[in-house]
Amino acid sequence: MESRFHSLLLLLFLLNFIAPNRASGNGGPGVIKVNYKFAGADASLSALRAHDDIRHLAILAGVDLPLGGTGRPDAVGLYYAKIGIGSPSKDYYVQVDTGSDITWVNCIQCRQCPRRGYHDIELTLYNPKDSLTGKLISCANKFCQEIGGGLSGCTANQSCLYTEVYGDGSYSMGYFVEDFVQYDRVSGDLQTKSANGSVIFGCGARQSGDLGPSDDALDGILGFGKSNSSMLSQLATSGRVKKMFAHCLDGVNGGGIFAIGHVVHPQVNTTPLVPDQPHYNVNMTGIQVGHDYLNLTSDVYIGDKKGAIIDSGTTLAYLPQVIYDPLVEKILSWQLDLKLKTLHDQYTCFDFSGSVDDGFPPVTLHFGNSLSLKVYPHEYLFPFEDLMCIGWQNSGMESQDKMNITLLGDLVLSNKLVLYDLEKHAIGWTEYNCSSSIELKDEITGSVHLVGAHSLSRACSFDVCAIFLLVMMALFHGLILPPILL
């Protein structure tokens, strides 16, 4: 109750100085460059686990208002992008997050927001008054009404406010604005053109707790969740893009592909998403270690009927104890003379100097519609303190709110093209060379264009590799489109 009271006071304070701005502009299609945090670095198991601990607070905690996603800009995700916002455009570094339903950046009113973040990059506070195309979203706006924004009794001339509260007690508060987001549109084979689109996003006025200054902080998040408030859904509502996207992360070299649009090559088999879930949940039906299946009944995999969460923002893979224990036992049975050590009360480790792919079995996860996902030993084993440690984690050892969930992160998703098809409410993947290219179909012209992988470390101000968020938009030749939401 005390937290909600403080939130209410802050929201009432925000209402006193926010007035609607009537500026408007026209949107357009585009492409966003996306960086990969751990590219070119040997991230330790502890660093990956620390990232996931913060990440899971975002995925599993509720919010004050029914916005859905709960991304965390201080816990830099696997994908982070430099995008342009406003007219004239200014650069912002944001986490690309499939677990978040809203896009938001820190705003000029935020006194506690960091000025420098990950790799000492200079962060920018957004000011809608500095943009010719920026405008505030009032409580009368359809977007605000649909997501349940604003306060009780909020009138048409007051701003639509948001509050997100996380499991550790930290929160982000602010108000919604609409402005141009700058990106590049796919215009031909391995070619792009600069464009922009009008998007409603959150303007963060205050942060607390772990959302405050941090060495890993960014300007905000870019939400690619399932709800109608996400950037993807807004662009799809405008008719400019199919509600589909895909990513392919090169786990060896860094970089890869992140694309919005209809992927026609490679072909990807899919499995249905579990209905009425806020995240990308699928039903897992079995686990195979080498040629042998774990001797578990189907109800073990079904569990609480919520399925397994597919999340590109999580680094490792978390399994309920009833699955974790027999899985690890089966993996270790391939090397009976190993001397196991438990580090930091959570990591199962051992000495091993040979080839892990020769000495240990692949693990294959099976899902509905005959979809499978193979994870190789070099993907689920990590070097840690001069030992090899198992990347599978026991969610049965987590705190009560995270206990016995199945959460599959980059440990199982890297080196695979992962397709999110929200048009058909399905998700799928296939093993793929993420340093190559894919083919996207233009839904208006019917043409198919190549989209290549990118590794842009030389062009970055900080030494990391990058990938493109390549957006295949519908090409409305010569047609000027209105903003997504008026």
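Everything below is about the structure printed above this text.
Colleague: Account for the side chain of T98, naming residues and giving values.
Modeller: Residue placement: T98 occurs in the loop between β3 (90-97) and β4 (104-106). Judged by its relative accessible area of 2%, T98 falls in the buried class. A polar side-chain atom of T98 sits 3.5 Å from a polar atom in the side chain of D311.

Colleague: Pulling in residues and values, what's your account of the sheet that holds strand β24 (residues 387-390)?
Modeller: Taken together, 4 strands build an open sheet; the order of strands is β19-β20-β24-β23 and the sheet is antiparallel. Two strands in the sheet have a free side with no partner beyond their single neighbour: β19 (341-343) and β23 (381-384). On average, each strand axis in the sheet is inclined to that of its neighbour by 40 degrees, with strand direction left out of account.

Colleague: So what's going on with the pattern of salt bridges? Residues and values would help.
Modeller: This model, assessed by the stated rule, comprises 5 salt bridges. For the salt bridge of E178 with K135, the shortest nitrogen-to-oxygen distance reads 3.6 Å. On the criterion of sequence distance, the pair formed by E178 in strand β7 (residues 171-188) and K135 in strand β5 (residues 135-136) is long-range, its members being 43 residues apart. Grouping residues by exposure puts E178 and K135 together as buried. With a closest N to O distance of 3.6 Å, K330 and D292 form a salt bridge. Taken together, the positions of K330 in helix α6 (residues 321-332) and D292 in strand β16 (residues 292-293) put the pair 38 residues apart, joining distant regions of the chain. Looking at D292, the relative accessible area reads 40%, which means it is partly exposed.

Colleague: Can you lay out the pairing of strand β21 (residues 363-367) for me, pointing to particular residues and giving the numbers?
Modeller: Within β21, 5 of the 5 residues are buried, which leaves the element mostly enclosed by the surrounding structure. Residues of β21 alternate between two faces, with V363, L365 and F367 on one and T364 and H366 on the opposite face, all of them buried. Of the strand pairs in this sheet, β21 and strand β22 (residues 371-375) are connected by 5 bridges, and their pairing is antiparallel. The residue of β22 that forms the bridge with H366 is S372. In textbook terms, the turn of a hairpin is the stretch between consecutive antiparallel strands, and for β21 and β22 this stretch comprises 3 residues, one of which, N369, has a positive phi near 65 degrees.

Colleague: So, the environment of I85: which residues are in play, and what are the values?
Modeller: With respect to the helices, strands and loops of the structure, I85 is situated in strand β2 (residues 79-85). When its relative accessible area of 3% is taken as the criterion, I85 is described as buried. Beyond its immediate sequence surroundings of up to four residues, I85 is in contact with K90, Y92, V105, Y126, D179, F180, Q182 and F201.

Colleague: Could you give an account of unusual backbone geometry, naming the residues involved and the relevant values?
Modeller: Here the amide bond leading from S87 into P88 is cis, since omega sits at 0 degrees, within 30 degrees of zero. Looking at where P88 falls in the secondary structure, it is placed in the loop between β2 and β3. Looking along the chain, the bond that leaves H265 and enters P266 is cis, with omega of 5 degrees. Among the structural elements, P266 can be located in the loop between β12 (262-265) and β13 (270-272). Unusually for a residue other than glycine, E385 sits at a positive phi of about 50 degrees. The topology assignment puts E385 in the loop between β23 and β24.

Colleague: Let's hear about the packing of aromatic side chains: which residues, and what values?
Modeller: In total, this model carries 16 aromatic pairs according to the counting rule given. Centre to centre, the rings of Y126 and F201 are 5.4 Å apart; their planes meet at 70 degrees, and the pair counts as edge-to-face. In this pair, Y126 is assigned in the loop between β4 and β5 and F201 in strand β8 (residues 191-207), connecting sequence segments 75 residues apart. For Y126, a relative accessible area of 1% gives the class buried.

Criteria and thresholds
- Residues numbered from 1 in each chain as written.
- Predicted model: local features only at pLDDT ≥ 70, side-chain atom pairs only at ≥ 80, totals over all residues.
- Heavy atoms only, no water.
- Helix = DSSP H or I, 4+ residues; strand = E, 2+ residues; numbered from the N terminus.
- Buried < 20%, exposed > 50% of the residue type's maximum accessible area, 1.4 Å probe, protein only.
- Polar contact = N/O pair within 3.5 Å; in protein donor to acceptor, adjacent residues only side chain to side chain.
- Pairing = 2+ DSSP bridges.
- Axes fitted to C-alpha atoms, helices over the stretch in contact; angles between N-to-C directions.
- Salt bridge = Lys/Arg side-chain N within 4 Å of Asp/Glu carboxyl O.
- Contact = heavy atoms within 4.5 Å.
- Phe/Tyr/Trp six-rings, centres within 6.5 Å; stacked < 30°, edge-to-face > 60°.

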